[in-house]
Amino acid sequence: EVVMTQSPLSLPVTLGQPASISCRSSQSLVYSDGNTYLNWFQQRPGQSPRRLIYKVSNRYPGVPDRFSGSGSGTDFTLKISRVEAEDVGVYYCMQGTHWPRTFGQGTKVEIK
Amino acid sequence: EVQLVQSGAEVKKPGESLKISCKGSGYTFSSSWIAWVRQMPGKGLEWMGIIYPGDSDTRYSPSFQGQVTISADKSISTAYLQWSSLKASDTAMYYCARGGNSPDYWGQGTLVTVSS
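Residues numbered from 1 in each chain as written. Chains lettered and ligands numbered in written order. Predicted model: local features only at pLDDT ≥ 70, side-chain atom pairs only at ≥ 80, totals over all residues. Heavy atoms only, no water.

1. Digging into the overall build of chain B
Counted only if it meets this: By definition, any uninterrupted DSSP run of H or I lasting at least four residues is a helix, any uninterrupted run of E lasting at least two residues is a strand, and each is numbered from the N terminus. Between the two quantities, the radius of gyration covers C-alpha atoms and the globule rule is 2.2 Å times the number of residues to the power 0.38. Any residue under 20% of the maximum accessible area for its type is buried, any over 50% is exposed, and the rest in between are partly exposed; the area is computed with a 1.4 Å probe on protein chains only.
Each helix and strand counted, chain B has 0 helices and 10 strands in total. The helix and strand sequence of chain B, counted from the amino end, reads β-β-β-β-β-β-β-β-β-β. Scaling as 2.2 N^0.38, a compact globule of 116 residues should have a C-alpha radius of gyration of about 13 Å, and chain B matches this with 13 Å. Along the three orthogonal principal directions, the C-alpha set of chain B runs to about 40 × 25 × 25 Å. In chain B, buried positions account for 48% of the 116 residues.

Structure below.
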């Protein structure tokens, strides 16, 4: 099974400052169709996970443009350009290329 | 509007059986995979398995194979997750989510509590 490793696991950020989360996979996430199925989710306290990014860098409708995803192969990053109070929560990467699908451990973003 | 609505919270005793549900609406249910994800108290997300309602193709994570059964009834746009004999360690929130490669819509979660 593909292991997804996120860092850091805890990320205190000052409001208005940028934040960056790394996600590394134990195998390449490039699928046979040429796509790389690396997704990012946000889970606010007490809520269901919410979709943010799919196929590495595509934002879903309604996701603020301060969120961006990048990377390739086995190395991926989620960036928040200017953290806002509503961004507090846990962020997960998830690979959708290999069976079984797997999540990273989660990165808790909090305000300093 | 796409929605996944899950059944309500359950409190069960060890050894009891349970089946929880996830009803899809606002899209063609039989044409999208439905995944199940576990979140134990205070912990992260764990992918359990997935089903394609159109042909009932089902895949399990090795960690959950043999521990749960995933099924679907496309005639009523509903997917299920079931246990034949619950353990205290099954206490968790369970989410369903639409999509095989990139889950997009998520249910509200079903809290399962197993306690004697």
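2. Comments concerning the state of the cysteines
Selection rule: Here, a disulfide means two cysteine sulfur atoms that sit within 2.5 Å of each other.
One pass over the structure, following the stated rule, counts 2 disulfides over all chains. Between the sulfur atoms of Cys23(A) and its disulfide mate Cys93(A) the distance is 2.1 Å. Judged by the torsion about the S-S bond (75°), the Cys23(A)/Cys93(A) disulfide is right-handed. Pair noted here: Cys23(A) is in strand β3 (residues 19-25) and Cys93(A) is in strand β9 (residues 89-95), with a separation of 70 residues, a long-range link. Between the sulfur atoms of Cys22(B) and its disulfide partner Cys96(B) the distance amounts to 2.1 Å. The chirality of the disulfide connecting Cys22(B) with Cys96(B) is right-handed, given an S-S dihedral of about 80°. Of this pair, Cys22(B) sits in strand β3 (residues 18-25) while Cys96(B) sits in strand β9 (residues 92-98), placing them 74 residues apart in sequence. With relative accessibility at 0%, the residue Cys22(B) sits in the buried group. With relative accessibility at 0%, the residue Cys96(B) sits in the buried group.

3. Thoughts on the side chain of Gln6(B)
Residue and element names in this part refer to chain B. Rules: Residues adjacent in sequence count toward polar contacts only when both atoms are side-chain atoms; beyond that, a polar contact is any pair of N or O atoms within 3.5 Å, and within protein one must be able to donate a hydrogen and the other to accept it. We call two residues contacting when some pair of their heavy atoms lies within 4.5 Å.
In this fold, glutamine 6 is placed in strand β1 (residues 3-6). There is a polar contact of 2.8 Å between the side chain of glutamine 6 and the backbone oxygen of tyrosine 94. In this structure the side chain of glutamine 6 is engaged in a polar contact, spanning 3.1 Å, whose partner is the backbone nitrogen of cysteine 96. Those residues in contact with glutamine 6 that lie beyond four places of it in its chain are Ser21, Cys22, Trp36, Tyr94, Tyr95, Cys96, Gly107, Gln108, Gly109 and Thr110.

4. A closer look at the pairing of strand β6 (residues 57-60) of chain B
All names here are of chain B. Worth spelling out the cut-off: When DSSP finds two or more bridges between two strands, those strands count as paired.
Two elements, strand β5 (residues 45-52) and β6, share 4 bridges in a ladder whose sense is antiparallel. Its bridge partner lying in β6, tyrosine 52 is registered against aspartate 57. Between β5 and β6, which pair antiparallel and follow one another directly, the connecting turn spans 4 residues, one of which, serine 56, has a positive phi of 65°.

5. Digging into the pattern of salt bridges
All names here are of chain A. What counts, and what does not: By definition here, a salt bridge exists when the distance from a side-chain nitrogen of Lys or Arg to a carboxyl oxygen of Asp or Glu is within 4 Å.
Under the counting rule described, the total for this entry stands at 7 salt bridges over all chains. In this structure, arginine 66 engages glutamate 84 in a salt bridge whose closest nitrogen and oxygen atoms are separated by 3.4 Å. With arginine 66 in the loop between β6 (58-59) and β7 (67-72) and glutamate 84 in the loop between β8 (75-80) and β9, the pair connects residues that are 18 residues apart, well separated along the chain. When its relative accessible area of 8% is taken as the criterion, arginine 66 is described as buried. For glutamate 84, a relative accessible area of 38% corresponds to the partly exposed category.

6. A few points about the packing of aromatic side chains
Rule in force here: Each pair of aromatic rings taken from Phe, Tyr and Trp, with Trp reduced to its six-membered ring, is defined by centres within 6.5 Å and is described as stacked if the planes are under 30 degrees apart, edge-to-face if over 60, and tilted in the remaining cases.
Applying the stated rule across the entire model yields 12 aromatic pairs over all chains. Measuring from ring centre to ring centre gives 5.5 Å for Trp99(A) and Trp33(B), while their planes differ by 50°; the resulting arrangement is tilted. Remark: Trp33(B) occurs in the loop between β3 and β4 (34-39) and Trp99(A) occurs in the loop between β9 and β10 (102-103); the pair is interchain, linking two chains. Given the relative accessible area of 36%, Trp99(A) is considered partly exposed.

7. Some words on the interface of chain A and chain B
Formally: Charged means Asp, Glu, Lys or Arg here, nonpolar means Ala, Val, Leu, Ile, Met, Phe, Trp, Tyr, Cys or Pro, and polar covers whatever is left, Gly included.
In this assembly, 20 residues from chain A lie in contact with 23 residues from chain B. At the junction of chain A and chain B, the tally comes to 0 salt bridges. Joining chain A to chain B, the criterion identifies 9 residue pairs in polar contact (both at pLDDT 80 or more). Counting residues per element, the side of chain A that touches chain B draws most heavily on strand β4 (residues 38-43) of chain A, which supplies 3 residues. Its residues assigned to classes, the side of chain A that touches chain B comprises 10 nonpolar, 6 polar and 4 charged.

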